[in-house]
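# Breakdown of the fold
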Amino acid sequence: MEWDWNFVWQIFPTLLQGVKITIIATLLGSVLAVFVGLAIALLRRSPNRLVSTTTGFIAEFIRGTPLLVQLYFIFYVLPDIGILLPPLVAGVIGLGLHYGTYTAEVYRAGIDNVPRGQWEAAKACNLTARQTWTRIILPQAIPPMMPALANYFIAMFKETPLLSAITVLELMNQAKSVANTYYRYIEPITLVGVFFLTISLISVVVLRWLEQRYGRIER
Amino acid sequence: MPSTAQDDAKLEQLRAQGFARVAIANEPPYTAVAADGKVSGAAPDVARVIFQHLGVPDIVASISEYGAMIPGLQAGRFDVVTAGLFMKPERCAAVAYSEPVLCDAEALLVKKGNPKGFKSYGDIAKDTSATVGAPGGGTEEKLALEAGVPRDRVVVVPDGQSGLKMVQDGRIDAYSLPVLSINDLIKKANDPNLEVIAPVEGAPVYCDGAAFKKGDEALRDAFNVELAKLKKSGEFAKIIEPYGFSAAAAMSTTMEKLCAAK
Amino acid sequence: MAAPIIEIESISKSFGAFQVLDQLSMQVMPGEKLALIGPSGSGKTTILRILMTLERIDGGHIRIEGEELYHMSKNGGLAPADEKHLTKMRQKIGMVFQLFNLFPHMSVLDNVTLAPILTKGVSRADARKRAMELLDMVGMSAKADAMPSQLSGGQKQRVAIARALALSPKIMLFDEVTSALDPELVEEVLNVMRKLAAETDMTMLLVTHEMGFAHDFADRVLFFDRGRIVEEGKPDDIFRHPKQERTQTFLRKIIAAGHRV
Amino acid sequence: MAAPIIEIESISKSFGAFQVLDQLSMQVMPGEKLALIGPSGSGKTTILRILMTLERIDGGHIRIEGEELYHMSKNGGLAPADEKHLTKMRQKIGMVFQLFNLFPHMSVLDNVTLAPILTKGVSRADARKRAMELLDMVGMSAKADAMPSQLSGGQKQRVAIARALALSPKIMLFDEVTSALDPELVEEVLNVMRKLAAETDMTMLLVTHEMGFAHDFADRVLFFDRGRIVEEGKPDDIFRHPKQERTQTFLRKIIAAGHRV
Amino acid sequence: MPPRSARSHFPQHGTKPFMIDWSGYLSLILQGAVVTVQLTVMGSILALIVAFIAGLGRISRFAILRWLATAYIEFFRGTSIFVQLFFAYFVLPFMGISLTPLQAGVLALGLNVGAYAAEVVRGAILSVGREQYEACTALNLSRWQCMRKVILPQALLVMLPTFGNNAIELLKATSVVSLISLADMTFQANIVRSQTGSTLIPFATILFLYFVFALLISFGVRALERHMARGLDGVRT
Ligand SMILES: Nc1ncnc2c1ncn2[C@@H]1O[C@H](COP(=O)(O)OP(=O)(O)OP(=O)(O)O)[C@@H](O)[C@H]1O
Ligand SMILES: Nc1ncnc2c1ncn2[C@@H]1O[C@H](COP(=O)(O)OP(=O)(O)OP(=O)(O)O)[C@@H](O)[C@H]1O
Ligand SMILES: [Mg+2]
Ligand SMILES: [Mg+2]
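Please read all numbers here as calculations on a predicted model, not as lab measurements.

The rules we used
- Residues numbered from 1 in each chain as written.
- Chains lettered and ligands numbered in written order.
- Predicted model: local features only at pLDDT ≥ 70, side-chain atom pairs only at ≥ 80, totals over all residues.
- Heavy atoms only, no water.
- Helix = DSSP H or I, 4+ residues; strand = E, 2+ residues; numbered from the N terminus.
- Rg over C-alpha atoms; globule rule 2.2 N^0.38 Å.
- Buried < 20%, exposed > 50% of the residue type's maximum accessible area, 1.4 Å probe, protein only.
- Areas by Shrake-Rupley, 256 points an atom, 1.4 Å probe, with all protein chains shown as cover.
- Near = heavy atom within 4 Å.
- Polar contact = N/O pair within 3.5 Å; in protein donor to acceptor, adjacent residues only side chain to side chain.
- Nonpolar A, V, L, I, M, F, W, Y, C, P; charged D, E, K, R; others polar.
- Contact = heavy atoms within 4.5 Å.
- Buried area = accessible area lost by both parts, 1.4 Å probe.
- Salt bridge = Lys/Arg side-chain N within 4 Å of Asp/Glu carboxyl O.
- Pairing = 2+ DSSP bridges.
- Axes fitted to C-alpha atoms, helices over the stretch in contact; angles between N-to-C directions.

Moving on, we come to the overall build of chain C. Secondary structure summary: chain C contains nine helices and 12 strands in total. Relative to the compact-globule value of 18 Å for 261 residues, chain C shows a C-alpha radius of gyration of 19 Å, a close match. For chain C, the spread of C-alpha atoms along the three principal axes comes to 55 × 55 × 40 Å. Split into buried and exposed, the 261 residues of chain C put 58% on the buried side. With an accessible surface of roughly 10700 Å², chain C has 48% of that area assigned to carbon and sulfur atoms.

Take the site of ligand 1 next. Residues and elements named next belong to chain C. As a structural note, the neighbourhood of ligand 1 is formed by 13 residues, with Ser 40, Gly 41, Lys 44, Thr 45 and Thr 46 the closest of them. A distance of 2.7 Å separates an oxygen atom of ligand 1 from a polar backbone atom of Gly 41. Contact between ligand 1 and Glu 176: an oxygen atom at 3.2 Å from a side-chain N or O atom of the residue. Protein contacts shield 64% of the accessible area of ligand 1, which totals 640 Å² for the unbound molecule. With three residues, the top contributor of residues to the shell around ligand 1 is helix 1 (residues 44–51). Classifying every residue of the shell around ligand 1 gives four nonpolar, seven polar and two charged.

Here we come to the site of ligand 2. All names here are of chain D. Close contacts around ligand 2 come from 13 residues, with Ser 40, Gly 41, Lys 44, Thr 45 and Thr 46 the closest. In this structure, Gly 41 approaches ligand 2 through a main-chain N or O atom, which is 2.8 Å from an oxygen atom. Here an oxygen atom of ligand 2 sits 3.2 Å away from a polar atom, N or O, in the side chain of Glu 176. The fraction of the free accessible surface of ligand 2 (640 Å²) that becomes covered by protein chains is 64%. Of all the secondary structure elements, the ones that give two or more residues to the shell around ligand 2 are strand 2 (18–28) and helix 1 (44–51).

So, about the interface of chain B and chain E. Across the boundary between the two partners, chain B contributes 41 residues, which contact 36 residues of chain E. Together chain B and chain E conceal approximately 3300 Å² of surface at their shared face, both sides included; 56% is due to carbon and sulfur atoms. For chain B, the biggest contributors to the area lost against chain E are Ala 35, Arg 77 and Lys 187 of chain B; these three give 21% of the whole. Joining chain B to chain E, the criterion identifies one salt bridge.

Its place among the elements puts Asp 216 of chain B in the loop between strand 14 (211–213) and helix 9 (217–233). With 124 residues separating them along the chain, Asp 216 of chain B and Cys 92 of chain B place their C-alpha atoms 13 Å apart.

All names here are of chain B. With mixed pairing, the five strands of this open sheet are ordered in space as 4-1-5-14-6. Of all the strands in the sheet, the pair left with one neighbour each is strand 4 (58–63) and strand 6 (95–97). Looking at chain direction, strand 6 and strand 14 are connected through three bridges and run antiparallel. Each residue of the ladder has a partner; that of Tyr 97, found in strand 14, is Ala 211. Contacting strand 1 (19–24), strand 4, strand 5 (80–81) and strand 14, helix 2 (residues 42–53) runs over the sheet at an angle of about 150 degrees to strand 4.

So this is what it looks like as structure tokens:
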């Protein structure tokens, strides 16, 4: 099979459609993951043992099983109990929940990394719990998290091809569809690879910058 | 010019290794996987018998997505595809087909009473709110697109069960597959709220053939010789009719006609 | 004689199976400068942390200006203190830590003004004015806009002292405030503390290994060992004529290690 | 008079734009005990690290027993030393670090035997025998099978000394070996070093802030400031009658901070 | 009996009543589980090997090795596992390399996860303090002796928990090999779903199995960690 540039130009606009969906899914999934992660991290710190262990178990379960199977579940099994979600919504929820369990760990580590002395100094300054969180702990915990969070968003981005299993026409699905129409696989799949690599290389630069900007906090 | 089986290096190689690698789909009744994991279904059963006649004792079947079959064949992953891959001019250009084996018309799976009144793909195109599901890279997807259904209303569905579920859940208005596949689905689903529209008006009857890699024409020709014998002896009908396929339909047309059809 | 500002009445504290404080009692008079000395692990830090409410006690009572620290009167009886009660009590106490614990994401000035603005509702302008006075006192007003990471250890500690003073506590707790500093930088911090002792009538509790400083600074010295007060008295008595054998060995070792007493 | 064991000839060292050592020269005689004192950042540690080949020099020459450390003769001329040459030279030098730097995943005994077995091809049995003698000397033979995490700081440092001695170096470098220790634990380490000085004729270079110990221990004291030797002489001269003003202020501050001289 | 479509003019097949042989289909899923376990184990071994090669390459003194290791890591972390699988299975044959589906799956999974694990190896080695290297120099150990006896044993303990996570990631990624017709657990569940018409049972079964496998991995890693950390307590802060 020879590489065919004409074919590449022919399919390019179609693939761009897929890129659009891929990016939308990643962005929405990221936003959801940020909030799900924070919720999990806080619930796991709950003084109520039942709440914290149940949250812990659910998070471990979601983290320990494949996103693909979870997507099948959300899309094909949930309607049986009356929850009917459009494909993209189901996909975003799947991504957000799955990656929320990862970002929860990032939050936890970020909060744990604030030295105990800072909590104590806040107390010695007689700050309230709320003031301590918003003025002292989170401002120190969040910047070092940025690179790790960004890392997960890049990982999520690379997992969007899974959404083809629930009929979302993202990039990989578009490429397969194109390939099936013309019986040529090399060009579309290579283009998908190049696309992912390009975005990843760009994100490496962004990550470096994030690490430099936020990664360290001078004490 | 059909060559003789004797000077075919590919066939020799298959005989030596004792089996042929066939690609099948996860789509009853074309192919079926029993609870014990044994592969059956109309297409592999025919292939198995013919290869036995050619001196290749067994077939090793791997289940594949429709979309992955032709690239897999080209990449040398399979020796032959026997999966209900209907003959169409573009496909005929990509692979070397045998004479027809399994023929089927297209059908639509819809909600009971056919609420949107579909009879053809054209009806779906006209109804601007209607969506239709079809396997990615399959014949039905192309038929729908050709009938003028826009890309964003043709939903690529990974497999039959998913398509059925999506109709049940109202995610798509119709799901299109060959008649027999749909019948098999609905039988398993046992859902009185579904209905089959078959055949789809204006959609041709299609036949599949065993698909070989371009360059393996000699093997294909040898396959054809045995297939013709099988059809003649009536054994062919005995194999495929229990699955619901019509032997007469397959024998009434040729690969050349089907590949030329527009 | 005035009433004691701090009354500690047979308090106990364990970490797991390990008993750090065992039925400890002591009293501190208003304005008194107290030095707590003793071997490592003897519970000196723990007492300060308990007074700052960074650790809870297992039993006993603490009264600050006659008011219970860990209990509050409720329906006539005593109930465990809630956060509101603790917040009120903490206003009387400030603490300076061994490792400064400045807030690294805020400028020196913000470190000092944060608590007055948030906890006392002082206006930003007033807080700044008072902060500049305090920074001036500790010799740090020139660095008001610096970030903590730009300061030397001694400078950080002086800022930390100013921060604790900004809440105008009646009692100041100092836990080995010079032991993380380079030897040459120790002096500048000790000077600030001398000045503080001379200029204010704050009550001060000081944990230190700087025996020379403890000697000059304190009105009274408590020698701790294994969670108990082994010996107490005027600095001259403790350092020159220790009565207990444990105190004697401790001082001998410290002196042999090159510290001046 | 014997030839010097260490000759340092106008060496320079910069970190980026910052010049730590500036054309520094000095000599050390075999068996001499040398104390290097001076303010923080004056380059004391850097000299030891250069001798241990942990840092390279920018210019100048160092000779150990007359042999070039950072250069080797090659085709008649001098070439920069390669790893093989450095390996040979390092056999003459041992170093003990401020933070012990024991290998945390090995027992005390393995820490001491590792290098002799790997670098000198000593048999395991011989290495153990010698290690036990050395551990005995530093009073740590009872803890031969302990892991470093189970030891106190002073015990760790004694093991680190035994580990450095196990390679029988002719020169030992000590960089503030007691400054990370609790005051009570300092003495046990200093005692080991006194014993070492008394029992062997090793050449020793010692960086310390323990002025008292430096005074008793050293044959000669070098006072550093900003990468230069400001003053040198017998301990009594330096500590009692410093000539340079820089030395005087330094000693005054140290004394004020409570250190005995 | 299921209803028949009245409008179909094609002959209907199968006169036997339709009954589901669940034990048979569950054993089909278990066969898939065997493939999943095979992929996970072999993929992890490959990942471990390449992780050490590439991780050490990244901190090598030789620029060319650093460059090669970086290129490998960035490429495999940069492109999606889907693309890699597809390349290994469909494109490599055009270059004359024909792998069985299992080989292609192990190759893609191992190289992909290996790229992530390589960074773990590098990070763990760098996390061992500079003072340990200096102690090595002071004791005159060679670079290699120092790496083998002092640095790696300590770094290994740091790597281990992340390696456990990597192995779980690999386990989960095996579900995408169904793309190249490998009959792993997810693939078999889809077959069972098509053959039986039930969605809930096969998917609930494999979710449970995946979770059990993930738990086994994390327990195993934790046990290993405890075993290796004996006597080291209190070392790391
Ligand atoms: N949070 C804690 N958990 C467990 N043990 C603790 C905790 N805090 C302190 N301890 C133990 O309590 C004992 C007393 O500690 P404390 O810090 O009060 O001693 P100290 O007199 O300040 O000693 P040092 O001079 O070393 O600072 C020590 O043995 C210490 O290990
Ligand atoms: N690796 C390095 N990179 C940059 N600067 C360094 C490095 N090592 C040392 N320095 C700087 O070189 C100067 C001399 O350092 P050195 O450690 O030799 O001082 P010192 O006399 O041992 O001081 P101290 O008493 O604090 O240990 C210091 O200002 C230090 O900041
Ligand atoms: Mg303490
Ligand atoms: Mg130094």
